Amino acid sequence: MCGIVGYIGSNDTLSILLNSLERLEYRGYDSAGIAFHNGKDIEIIKKAGRVSALRELTKGISSPLYGGIGHTRWATHGGVCDANSHPHKFGNVTLVHNGIIENYAAIKNQLGIASKLRSETDSEVVAALIDNYYDGDPKKAIISAVKEISGTFGLAIMFDDIPNEIFAVRNVSPIICCQNEDGTYIASDIMAIGEYSENYFVLPELTIAHLTGDGIEVTDFKGNTVAPKMLTLDWDIKNSGKKGYPFYMEKEIMEQPEVITKTIESRIKDGKPDFSEEKVDDSIFTECDNITVIACGTAMHAGLIGKHIIEKTCGVPVTVNMASEYMYKEPIINERTLVICVSQSGETIDTLEALKYARRKGARSLSIVNVKGSTIARESENVIYTNAGPEIAVASTKAYTTQVAVFYLICAKMAYLRGRLNEEETAAFIAELAKIPAAVEDVLNRRDAVHHLSNGLLTAEHTFMIGRGLDYPTLLEASLKLKEISYIHSEAFASGELKHGTIALITEDTPVIALLTQDALMSKQVSNIREVQSRGAKVLTFIKRSLQNKDVECSFELPDLRDDFMAIPAVTAMQLLAYYVSSDKGLDVDKPRNLAKVVTVE
């Protein structure tokens, strides 16, 4: 979950490292540090806190810089403090690490180095292990050490006596490499270094990248040269700034009409969904008896929307599984199971391991990811990219809505191929799907009204959300957004479950958010609203325009779409609600406490 960077070349190493770390800060912002050759030896500067604090420490450094590595941390082993910050140095070896070393305690005891360590981290133990094997041959030392390590790792390594070179190796944890006329670069993801070259490659697992100012050589553990697959960045890295918005999250909420349109329109041909560009074979939609969605957090909520529309439209049973639990419950899976993995980054370790497990069991696989060339994309039999562009805020918004848009496309494709929708019905489904960007735009144009409603939540300790049918999984995502960026305890419930225990928590002035977009369930949802109001709850209602009636007061009017297509405009309003609560409380909306954007540890 941490971010690592490295650079060797003729430009200002210090500026490149610091700027790259700032672009990676969404991966972790407990602490940050850099190490560089100053012409004599390796100098390390690191500090608990944000990259901005590290930048202050580097002011006034005028030594010639020959290359260096950097790190921004999300703490796993050891608390948040200067000593546990990366880079770590032991003997001749200095490194930065993303991942978790599972057997670090055994290695520490084997080397007898406990009294020599300066930190509580597993990463410093890796530096000691490499140093233990180092006799002047860096690759030999790295290979020997890696063979003893259990766990996930992305390592960028420097040696005291080899000043203008960096070595990198990985297992699961990603490392991206690129170069231009000014030098060579590595990072945990393309966000950090994409401005330097649109052409890049993902370092293959258990190979060694050797970086000099002139180029990057990749070899396997037998010394054979490896030619990695080159990729091309398909979005403008310069478009990843805030564009005048105070937070990335607001910018990314506002980008949703554009990216949803891009996601949908690129996959429509003659009024029907078309995945031929992705080379997704129709057989995966026709030859499955059931679907298993595997995901975490927000991506899992997208899967719940997918479950609702696929089961209803296609008649195919769908189960949605937490990736972190999937392998450990002995799931029922076979060659007639289609596994759909969902991940914004394509690096979510729980989802990746679950995907590998499902494929070993014979399941066919399709992944919905946002990052081209990511590990989950490469491990999956088929992949559909969401076209959301860079998402920097930790709380996902546009990645989620584009994931849901892809599920709509999958649903239409499967229903048509299986004869559940004829050509005319499929065209009508796609026509309704095409209305979603305008519906989202409608919500965004009235965001000041949502901002006004958010004032009622600023002092709340607890908030409850209630909805039925498709509204329930929409509120699960809405509740997560409010929790993760405003720190208000929030729970979403299927409205009918209130009287089975939860209503005991309703007290005078408890904020309750009710979503009403499903025509057939409207009267029942109104009854549930009455139940909480009779206990003194303060209810905010988000109601589809055509469903408004005198039985319940509307707090915010949602645009009209067919019931099954309301998930995206409804969640957009909820994203805005959470955003305004957080920003008005003076919190760092983009970097909520204890969270990181990319989860690469189990």
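Please read all numbers here as calculations on a predicted model, not as lab measurements.

Asker: How do you make sense of the nonpolar core when you look at a structure like this?
Answerer: It is characteristic of soluble globular proteins that their nonpolar side chains tend to be buried jointly. In this structure, Ile291, Ile310, Tyr408 and Phe542 are the most contacted members of the largest nonpolar core, which totals 90 residues. Apart from residues lying up to four places away in sequence, isoleucine 310 is in contact with Ile291, Gly315, Val316, Val318, Phe407, Ile410, Cys411 and Met414.

Asker: Explanation requested: helix α18 (residues 471-486) in the structure shown.
Answerer: Every α-helix carries 3.6 residues per turn, so stepping three or four residues along brings you back to the same face. Across its 16 residues, α18 extends 22 Å between first and last C-alpha, which sits within 8% of the 22 Å expected from 1.5 Å per residue. Here α18 lies mainly inside the structure; 13 of its 16 residues are buried. Of the residues flanking the end of α18, it is tyrosine 487, one or two places downstream, whose phi is positive at about 65 degrees.

Asker: What am I meant to see in the sheet that holds strand β7 (residues 151-159) here?
Answerer: Strand order in the open sheet formed by six strands is β5-β6-β7-β8-β12-β13, and the pairing between neighbours is antiparallel. The open sheet has two edge strands, β5 (88-90) and β13 (215-220), and neither has a second partner. Going across the sheet, the axis of each strand differs from the next one's by a mean of 25 degrees, ignoring polarity. Taken strand by strand, helix α5 (residues 138-146) contacts β7, β8 (166-171), β12 (207-212) and β13, and its axis lies near 20 degrees from that of β8.

Asker: Would you take a moment to explain the environment of glutamate 25 for this structure?
Answerer: Tracing the backbone shows glutamate 25 in the loop between α1 (13-23) and β2 (31-37). The contacts of glutamate 25, once residues within four sequence positions are left out, are Arg50, Val51, Thr72 and Lys591. Reaching out from glutamate 25, the side chain makes a polar contact with the backbone nitrogen of valine 51 at a distance of 3.0 Å.

Asker: What's the story with unusual backbone geometry in this structure? I'm lost.
Answerer: One can expect most non-glycine residues to show negative phi and most peptide bonds to be in trans. Residue proline 87 follows histidine 86 across a cis peptide bond; omega there is 5 degrees. Checked against the element boundaries, proline 87 lands in the loop between β4 (68-73) and β5. Located in the positive-phi region is valine 172, a residue other than glycine, with phi close to 75 degrees. One can find valine 172 in the loop between β8 and β9 (176-180). By relative accessible area, which is 9% here, valine 172 ends up buried. Residues other than glycine seldom take positive phi values, yet tyrosine 487 does so here, at roughly 65 degrees. Tracing the sequence through the fold places tyrosine 487 in the loop between α18 and β23 (489-494). Classification of tyrosine 487 as partly exposed rests on a relative accessible area of 26%.

Asker: What's the story with the sheet that holds strand β21 (residues 382-385) in this structure? I'm lost.
Answerer: Note on sheets: strands pair through backbone hydrogen bonds, and any given pair is parallel or antiparallel. The parallel open sheet is built from five strands, whose spatial order is β18-β17-β19-β20-β21. Looking at the sheet topology across the chains shown, the edges are occupied by β18 (318-322) and β21. Averaged over all pairs of adjacent strands, the angle between strand axes in this sheet comes to 20 degrees, irrespective of strand direction. Pairing of strand β17 (residues 290-295) with strand β19 (residues 337-343) involves five bridges; the strand directions are parallel. Looking across to β19, one finds that isoleucine 294 is bridged to cysteine 341.

Asker: Just to check I follow, could you spell out the pairing of strand β24 (residues 511-516) for this structure?
Answerer: Taken residue by residue, a regular strand's side chains alternate between the two faces of the sheet. Most of β24 sits out of view: six of its six residues are buried. A two-sided burial pattern is seen for β24, the buried positions comprising Pro511, Ile513 and Leu515 on one face and Val512, Ala514 and Leu516 on the other. Note that strand β22 (residues 462-467) and β24 share three bridges and pair parallel. The residue of β24 that forms the bridge with phenylalanine 464 is valine 512. Sheet analysis places β24 next to strand β25 (residues 538-544), joined by six bridges and oriented parallel. Across the sheet, alanine 514 pairs through a bridge with threonine 541, a residue of β25. Handedness of the crossover is the feature at issue here: the chain leaves β24, passes through helix α19 (residues 522-533), returns alongside β25, and the resulting connection is right-handed.

Asker: Which parts of the structure should I look at to understand the packing of helix α16 (residues 436-445) against helix α20 (residues 567-584)?
Answerer: For any two helices packed against each other, one specifies the crossing angle of their axes together with the interaxial distance. α20 packs onto α16 with a crossing angle of 25 degrees between their chain directions and a minimal axis gap of 9 Å. Overall, the two elements α16 and α20 adopt an arrangement that is roughly parallel. Seen along the crossing, α16 lies across α20 with a hand that is right-handed. Seen from α16, the contacting residues are Ile436, Ala439, Val440, Val443 and Leu444; seen from α20, they are Ile568, Pro569, Thr572, Ala573 and Leu576. Broken down by class, the residue content of the contact of α16 with α20 amounts to nine nonpolar, one polar and no charged.

Basis of the calculations
- Residues numbered from 1 in each chain as written.
- Predicted model: local features only at pLDDT ≥ 70, side-chain atom pairs only at ≥ 80, totals over all residues.
- Heavy atoms only, no water.
- Core = buried A, V, L, I, M, F, W, Y, C linked by side-chain atoms within 4.5 Å.
- Buried < 20%, exposed > 50% of the residue type's maximum accessible area, 1.4 Å probe, protein only.
- Contact = heavy atoms within 4.5 Å.
- Helix = DSSP H or I, 4+ residues; strand = E, 2+ residues; numbered from the N terminus.
- Expected span 1.5 Å × (residues − 1).
- Pairing = 2+ DSSP bridges.
- Axes fitted to C-alpha atoms, helices over the stretch in contact; angles between N-to-C directions.
- Polar contact = N/O pair within 3.5 Å; in protein donor to acceptor, adjacent residues only side chain to side chain.
- Right-handed = clockwise from strand over helix to strand, strands pointing away.
- Parallel < 35°, antiparallel > 145°, perpendicular 65-115°, else oblique.
- Left-handed = near helix turned anticlockwise from the far one by under 90°.
- Nonpolar A, V, L, I, M, F, W, Y, C, P; charged D, E, K, R; others polar.

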